[in-house]
Amino acid sequence: MKLIVSGATGFIGTALTKRAETKGWDVTKIVRSNPAPGDITFDPQSGTIDERQLAGADAVVCLNGAGLFSRPWTDSYKKTLLESRLTSVNTLTEAFARLDEPDRPTHFLTGSAIGYYGAGRGDEILTEESGPGSDFLADLCVQWERAGHVATDLGIRHSALRTGLVMDSGGGMLGLLKHLYRAGLGTKLGSGEQWMSTISLDDHVRATLYAIENQLEGPINLSSPEPLRNADWHRLLAAYVHRPAFLTAPAPVMKLALGDFAEQAALASQRVMPRYLEDAGFEFSAPTVLEIFDQALPPKK
């Protein structure tokens, strides 16, 4: 299997390339600078890449995008969040179009997020059939998926990876918060009633490769089959690291301090189910949050 990964040096991309290589796949990385031998370079800002290096790929995965948790969502950073995703996807689809049809990749997988569904869905069960929300993050995901879907006009299978809260000690939400919880400073967010849809890093990369192997196309929810409320996640993580769980971050204070990020990410209620993956026969190695903690964190003492 010939796999090309853009965003291969990021949190998820690094794990994805390693997993594919352990399966014996031929993996090539797309990078912006400092290429190692065999890497492909591209410049999304100018839309340049040598399309000949993409020829014959079984799958191309594009995971590029500025970090949602990296900086406050100012108007300028919102623009960066959107453009960093669209320019990368557009650069690749335009390169595919320059190839003769028999040389085009078979499958194009692009990032997306469960933010597609919007922040205020309450207790509603969300599947790939559910409609989008109407806030900034939902609109970002809609545009992101639409850009990737252009590949289908070129005869290329497209998958939009609607990623939940990826849990691992090396990055993502858990990588950021583990130190606070171990210091006894973990906090419930707002009322804690909002639903969290999590997935272990291991299951995320396994599911992505499963989608390639089984030719899954369209939107795919990459989240575990057992979402839980923030209050329960908070209590379980605090207990897991043997620390108290009495602190709360009031929602009004969070919204004042963090603006749209608080409402659309930290306090968002998204009860997402991986219906497509389950129907396709994918088996999660860590379906529950405690199993995710077992994978992601050192053993309990």
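Asker: Got a minute to help me understand the overall build of the protein in this structure?
Answerer: Along the protein, the regular secondary structure elements total 10 helices and 16 strands. The C-alpha atoms of the protein give a radius of gyration of 19 Å, which matches the 19 Å a tight globule of 301 residues would have. Viewed in the frame of its principal axes, the protein has a C-alpha envelope of about 60 × 40 × 40 Å. Taken over 301 residues, the protein has a buried fraction of 53%. Within the protein, counting contacts between residues at least 6 apart in sequence, those at least 24 apart form 77% of the total.

Asker: Teacher, can you tell me more about the packing of helix α6 (residues 230-240) against helix α10 (residues 289-296) here?
Answerer: Axis angle and axis distance: for two packed helices, these are the angle between their axes and the distance between the axes, and together they describe the pair. Put simply, α6 and α10 touch, their axes get as near as 11 Å, and they point 40° apart. The orientation of α6 relative to α10 falls into the category oblique. Like other packed secondary-structure pairs, α6 and α10 cross with a definite hand, here right-handed. Of α10, the residues touching α6 (which contributes W233, L236, L237 and Y240) are V289, L290, F293 and D294. Residues that form the contact of α6 with α10 fall into these classes: 7 nonpolar, no polar and 1 charged.

Asker: For this particular structure, what's the right way to read the sheet that holds strand β3 (residues 40-43)?
Answerer: The strands making up a sheet associate through hydrogen bonds between their backbones, and the pairing can be parallel or antiparallel. Strand order in this open sheet of 8 strands is β4-β3-β2-β1-β5-β6-β8-β13, and the pairing throughout is mixed. Looking at the sheet topology across the chains shown, the edges are occupied by β4 (48-49) and β13 (218-222). Here 2 bridges tie strand β2 (residues 26-31) to β3, and the two strands are oriented parallel to one another. Opposite V31, over in β3, you have T41 as the bridge partner. Here helix α5 (residues 201-213) sits on the sheet in contact with β1 (2-6), β5 (59-62), β6 (107-113), β8 (157-163) and β13, set at roughly 145° to β6.

Asker: What am I meant to see in the pairing of β6 here?
Answerer: A regular strand places its side chains on the two faces of the sheet in alternate fashion. With 7 of 7 residues buried, β6 is to be regarded as a mostly interior element. The alternating pattern of β6 places H107, L109, G111 and A113 on one face and F108, T110 and S112 on the opposite face, and all of these are buried. The pairing of β5 with β6 spans 4 bridges and is parallel. Looking across to β6, one finds that V61 is bridged to L109. Read from β5 through helix α2 (residues 75-98) to β6, the crossover connection turns out right-handed.

Asker: Mind showing me how you'd approach the environment of L82 here?
Answerer: Position of L82 relative to the elements: it lies in helix α2. Sequence-wise, L82 and C141 are 59 residues apart; in three dimensions their C-alpha atoms are separated by 8.7 Å.

Asker: What's the story with the packing of helix α4 (residues 172-182) against α6 in this structure? I'm lost.
Answerer: As a packed pair, α4 and α6 sit with axes 11 Å apart at the nearest point and diverge in direction by 60°. It follows from the interaxial angle that α4 and α6 lie oblique. Judged by the sense of rotation from one axis to the other, the crossing of α4 with α6 is right-handed. Residues M173, L174, L177 and Y181 of α4 form the contact with α6, whose participating residues are W233, H234, L237 and A238. Residues of the contact of α4 with α6, tallied by class, amount to 7 nonpolar, 1 polar and no charged.

Asker: Explain the side chain of S130 here, please?
Answerer: Tracing the backbone through its elements, the reader meets S130 in the loop between β7 (120-126) and α3 (136-149). Relative accessible area serves as the criterion here: at 13%, S130 is assigned to the buried category. Beyond its immediate sequence surroundings of up to four residues, S130 is in contact with Y116, Y117, R121 and I125.

Asker: Is there a simple way to explain the side chain of Q264 in this structure?
Answerer: Structurally, the position occupied by Q264 is in helix α8 (residues 260-266). Of the residues examined, Q264 reaches a relative accessible area of 8% and is grouped as buried. From its side chain, Q264 meets the backbone nitrogen of F136 in a polar contact 3.3 Å long. Residues within four places of Q264 in sequence aside, it is in contact with W73, A119, D135, F136 and L137.

Asker: Looking at this structure, how should I read the pattern of salt bridges?
Answerer: Pairing between side chains becomes possible if they bear opposite charge and their charged atoms approach one another. In this structure the tally under the stated criterion is 11 salt bridges. In this structure, R19 and D202 form a salt bridge, with 2.1 Å as the shortest nitrogen-oxygen distance. Here R19 is found in helix α1 (residues 11-22), whereas its partner D202 is found in helix α5, with 183 residues between them in sequence. R19 gets classed as partly exposed once you look at its relative accessible area, which sits at 27%. When its relative accessible area of 24% is taken as the criterion, D202 is described as partly exposed. The partner of E193 in a salt bridge is R229, with the nearest N and O atoms 3.7 Å apart. Taken as a pair, E193 in the loop between β10 (187-189) and β11 (195-196) and R229 in strand β14 (residues 228-229) lie far apart in primary sequence, 36 residues in all.

Rules of the game
- One numbering rule holds for all chains: residues counted from 1, following each sequence as written.
- The predicted origin of the model limits local features to residues at a pLDDT of at least 70 and limits the giving and counting of side-chain atom pairs to 80 or more, whereas totals for whole chains, interfaces and linings rest on all residues.
- Neither water nor hydrogens contribute to the side-chain values; these are computed over all heavy atoms in the structure.
- Numbering of helices and strands runs from the N terminus; a helix is a DSSP stretch of H or I covering at least four residues, while a strand is a stretch of E covering at least two.
- For the radius of gyration, the atom set is restricted to C-alpha positions; the globular benchmark scales as 2.2 Å times the number of residues to the power 0.38.
- Exposure is judged per residue with a 1.4 Å probe applied to protein chains only, and the accessible area is read against the type maximum: over 50% gives exposed, under 20% gives buried, and values in between give partly exposed.
- Note on definitions: a residue-residue contact is assigned when non-hydrogen atoms from the two residues lie within 4.5 Å.
- A fitted line through C-alpha atoms serves as each axis, taken over the contacting stretch for helices, and the angle formed by two N-to-C directions is quoted from 0 to 180°.
- Orientation labels follow simple angle bins: below 35 degrees gives roughly parallel, above 145 gives roughly antiparallel, 65 to 115 gives roughly perpendicular, and whatever is left gives oblique.
- Less than a right angle of anticlockwise turn of the near helix away from the far helix marks a crossing as left-handed, whereas a clockwise turn marks it as right-handed.
- Side-chain classes are defined by residue name, with Ala, Val, Leu, Ile, Met, Phe, Trp, Tyr, Cys and Pro counting as nonpolar, Asp, Glu, Lys and Arg as charged, and the others, Gly among them, as polar.
- By the convention used here, strands pair only if DSSP detects at least 2 bridges between them.
- Note on handedness: a clockwise path from strand one over the helix to strand two, with the strands aimed away from the viewer, defines a right-handed crossover.
- The term polar contact refers here to a pair of N or O atoms within 3.5 Å; inside protein, the definition further demands a hydrogen-donor-capable atom paired with an acceptor-capable atom, and it admits residues adjacent in sequence only when both atoms are side-chain atoms.
- Take a side-chain nitrogen of Lys or Arg and a carboxyl oxygen of Asp or Glu: if they are within 4 Å of each other, that pair is a salt bridge.

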